[in-house]
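Summary of the model geometry
So you can see what is in the structure, the chains are spelled out below.
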Amino acid sequence: MAEFETPGQLVAAARRTREAGFRKFDAYSPVPLHELDDAMDLHDNRVSTFTFCGGLAGAIGGFCLCCWCAIAFPLDIGGRPLVSVPMFIPITFELTILIGGLSAAISMLAMNGLPRPYHPVFNVERFASASRNKFFLCIEAEDPRFDRQATMTFLESLGA
């Protein structure tokens, strides 16, 4: 783990870490740094894909449920057809939103590895200042390029 004084140093360090071939690393900052997304190459839209698929499944499921109910328990009122699409729109819309939202929340939690009650960075005493005024970069030991001595030398070369 490396500690930096300014956000610019952290962004530059994250960019150099990515260029050095490390893939399992994370940056910690007390303020949002939008430049870190580009520096760490965090452009992953799998959550939006799961949300779309969940919404589509909700729409199809809601419409099919309405069709099944109308055919299984027919109510002939005023000469209305059994499958009346305008009448099924509210249920279809609500299930689209419900299943899409649940898919988004569950996939986001799963992809973030949450809930995670413990992480080794909490063992570092100075890490408490990550929520106040310091910036940290942590390279995980599970990274394929991780070598304890070489990684420590690399982090020192970043100006930490």
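The structure displayed is predicted, hence computed values, not measured ones.

Bringing the side chain of S103 into the picture now. Within the secondary structure layout, S103 lies in helix 4 (residues 85-111). A distance of 2.8 Å separates the side chain of S103 from the backbone oxygen of I99, its partner in a polar contact. Those residues in contact with S103, other than ones at most four positions away along the chain, are F50, T51 and G54.

In this section: unusual backbone geometry. P115 follows L114 through a cis peptide bond whose omega is -5°. The residue P115 is located in the loop between helix 4 and strand 3 (135-139) in this model. Positive phi values are uncommon outside glycine, yet D41 reaches one of about 60°. Positionally, D41 belongs in the loop between helix 2 (35-40) and helix 3 (46-72).

The next point concerns the packing of aromatic side chains. Geometrically, a pair of aromatic rings is defined through the distance of the ring centres and the angle of the planes. Counting across every chain of the model gives six aromatic pairs. For the ring pair F122 and F127, a centre distance of 6.1 Å and an interplane angle of 65° mean the geometry is edge-to-face. A relative accessible area of 52% places F122 in the exposed class. Overall, the relative accessible area of 11% leaves F127 in the buried class. In this structure an aromatic cluster arises from ring pairing among Y28, F122, F127 and F136. Sitting over the ring of F22, R145 keeps its end group 5.4 Å from the ring centre.

This part takes up the nonpolar core. In terms of nonpolar packing, the biggest core is built from 19 residues, with F4, L10, L36 and L137 touching the most fellow members. For this core, the elements supplying multiple residues, two or more each, are strand 1 (2-4), helix 1 (7-19), strand 2 (25-28), helix 2, strand 3 and helix 5 (148-157). The element best represented in this core is helix 1, accounting for four residues. If sequence neighbours within four positions are ignored, L10 has contacts with F4, A27, Y28, S29, L33, L36, F135, F136 and L137.

Take helix 3 next. For helix 3, spanning 27 residues, the distance from its first C-alpha to its last is 38 Å, which sits close to the expected 39 Å at 1.5 Å a residue. Restricting attention to buried positions, one finds in helix 3 the residues G54, G55, G58, A59, G62, C66, C67 and A70. Residues of helix 3 that are buried in the fold lie against helix 4.

Among the residues of helix 5, T151, F154 and L155 are the ones counted as buried. Mapping the buried residues of helix 5 onto a view down its axis gives an arc of 95°, with all of them on the same face. Where helix 5 is buried, its residues meet strand 1, helix 1 and strand 3. Among the residues trailing helix 5, G159 stands out with phi positive, at a value near 90°.

Here we come to the layout of surface pockets. In this model, the largest pocket occupies a volume close to 810 Å³. Contributing to the lining of the largest pocket are 22 residues, with D26, L42, M111, N112 and G113 lying nearest its centre. Those elements that place two or more of their residues in the lining of the largest pocket are strand 2, helix 3 and helix 4. The element contributing the most residues to the lining of the largest pocket is strand 2, with three residues. A per-class count over the lining of the largest pocket returns ten nonpolar, three polar and nine charged. Of the pockets and cavities examined, the second largest pocket occupies roughly 310 Å³. Lining the second largest pocket are 14 residues, with M1, C138, I139, F146 and R148 positioned closest to its centre. Counting only elements with at least two residues in the lining of the second largest pocket, the list comes to strand 3 and helix 5. In terms of residue count, the dominant contributor to the lining of the second largest pocket is helix 5 (four residues). Of the residues belonging to the lining of the second largest pocket, the class tally is ten nonpolar, two polar and two charged.

Calculation rules
- Residues numbered from 1 in each chain as written.
- Predicted model: local features only at pLDDT ≥ 70, side-chain atom pairs only at ≥ 80, totals over all residues.
- Heavy atoms only, no water.
- Helix = DSSP H or I, 4+ residues; strand = E, 2+ residues; numbered from the N terminus.
- Polar contact = N/O pair within 3.5 Å; in protein donor to acceptor, adjacent residues only side chain to side chain.
- Contact = heavy atoms within 4.5 Å.
- Phe/Tyr/Trp six-rings, centres within 6.5 Å; stacked < 30°, edge-to-face > 60°.
- Buried < 20%, exposed > 50% of the residue type's maximum accessible area, 1.4 Å probe, protein only.
- Lys NZ or Arg CZ within 6 Å of the ring centre and 35° of its normal.
- Core = buried A, V, L, I, M, F, W, Y, C linked by side-chain atoms within 4.5 Å.
- Expected span 1.5 Å × (residues − 1).
- Arc of directions from axis to C-beta.
- 1 Å grid on protein atoms, 1.4 Å probe; cavity = no way out; pocket = protein on both sides within 12 Å on 5 of 7 lines; lining within 4 Å.
- Points joined across faces, edges and corners; volume = space filled by probe spheres on them.
- Nonpolar A, V, L, I, M, F, W, Y, C, P; charged D, E, K, R; others polar.

Function-wise, these values are silent; they only describe arrangement.
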